[in-house]
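Summary of the model geometry
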Amino acid sequence: MDNCLFCKIVRGEIPSKKVYEDEHTFVFEDIDPKAPTHVLIVPKKHIEGLNKATSEDAEIIGRCHLTAAKIARERQIEDGYRTVLNVGPKSGQSVFHLHVHLLGGRDLRWPPG
Ligand code: 5GP
Ligand code: ZN
């Protein structure tokens, strides 16, 4: 997508602090971190959000979560982390390219606000 912020980050047109990249996923530090670890895992394919995903996207959505688990393992935060998908404006979704937040490195409250 031409004018999608996260597509531009994946393409390197907008700088980011890259954490990891493979064939299907791209991971970078959130610009406004809410925890000691706060990274965003995005599929390289543009999908607007979970509410727009189809069964064709099942594998890539799974891959995003497995990439989150890999980063959590590497950062040694497996004693407690959270993966979050905000879906729709009322949830706080502000970038309409599907992304999994990985948050950890501190105690996390439940339920989230
Ligand atoms: P959402 O609110 O859509 O679930 O999450 C969007 C996230 O993207 C927010 O946590 C926000 O801080 C982050 N973000 C927005 N713009 C940029 C940017 O230009 N670079 C980076 N690295 N993160 C961004
Ligand atoms: Zn996009």
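One structure accompanies this document, and this report is about it. The model shown is predicted, which means the values in this text are computed figures rather than measured ones.

Conventions and cut-offs
Residues numbered from 1 in each chain as written. Chains lettered and ligands numbered in written order. Predicted model: local features only at pLDDT ≥ 70, side-chain atom pairs only at ≥ 80, totals over all residues. Heavy atoms only, no water. Salt bridge = Lys/Arg side-chain N within 4 Å of Asp/Glu carboxyl O. Buried < 20%, exposed > 50% of the residue type's maximum accessible area, 1.4 Å probe, protein only. Helix = DSSP H or I, 4+ residues; strand = E, 2+ residues; numbered from the N terminus. Donors = N, O, S within 2.8 Å, 3.2 Å for Na, K, Ca; no water. Tetrahedral: all angles 85-135°; square planar, octahedral: opposite > 155°, others 65-115°. Near = heavy atom within 4 Å. Polar contact = N/O pair within 3.5 Å; in protein donor to acceptor, adjacent residues only side chain to side chain. Areas by Shrake-Rupley, 256 points an atom, 1.4 Å probe, with all protein chains shown as cover.

**Remarks on the pattern of salt bridges**
Applying the stated criterion across every chain, the model contains ten salt bridges. Between Lys-18 and Glu-21 there is a salt bridge, and its shortest N-O distance comes to 2.6 Å. Accessibility expressed as a relative area gives 36% for Glu-21, which makes it partly exposed. Close ionic contact of Lys-52 with Glu-48 constitutes a salt bridge, the shortest N to O distance being 3.1 Å. A relative accessible area of 37% places Glu-48 in the partly exposed class. Linked by salt bridges that have partners in common, Lys-18, Glu-21 and Lys-44 make up one network.

**Description of unusual backbone geometry**
For the bond running from Trp-110 to Pro-111, omega is -5 degrees, close enough to zero to count as cis. Phi is positive for Gln-76, close to 55 degrees, though the residue is something other than glycine. Looking at the element boundaries, Gln-76 is found in the loop between helix H2 (58–74) and strand S4 (81–84).

**Focus on the coordination of the zinc ion (ligand 2)**
Protein-derived ligands of the zinc ion (ligand 2) are Cys-4 (SG), Cys-7 (SG), His-46 (ND1) and His-97 (ND1), with the metal-ligand distances lying across 2.0 to 2.3 Å. Around the zinc ion (ligand 2) sit four donor atoms, and with donor-metal-donor angles ranging over 106 to 115 degrees the site reads as tetrahedral.

**Topic: the site of ligand 1**
Lining the immediate surroundings of ligand 1 are 16 residues, of which Asp-30, Asn-86, Gly-92, Ser-94 and His-101 lie closest. Measuring from an oxygen atom of ligand 1, one finds a side-chain N or O atom of Asp-30 at 2.5 Å. Between ligand 1 and Val-95 there is a distance of 3.0 Å, counted from an oxygen atom to a backbone nitrogen or oxygen. Summarising the interface, the protein chains cover 82% of the accessible area of ligand 1, which totals 520 Å² for the free molecule.

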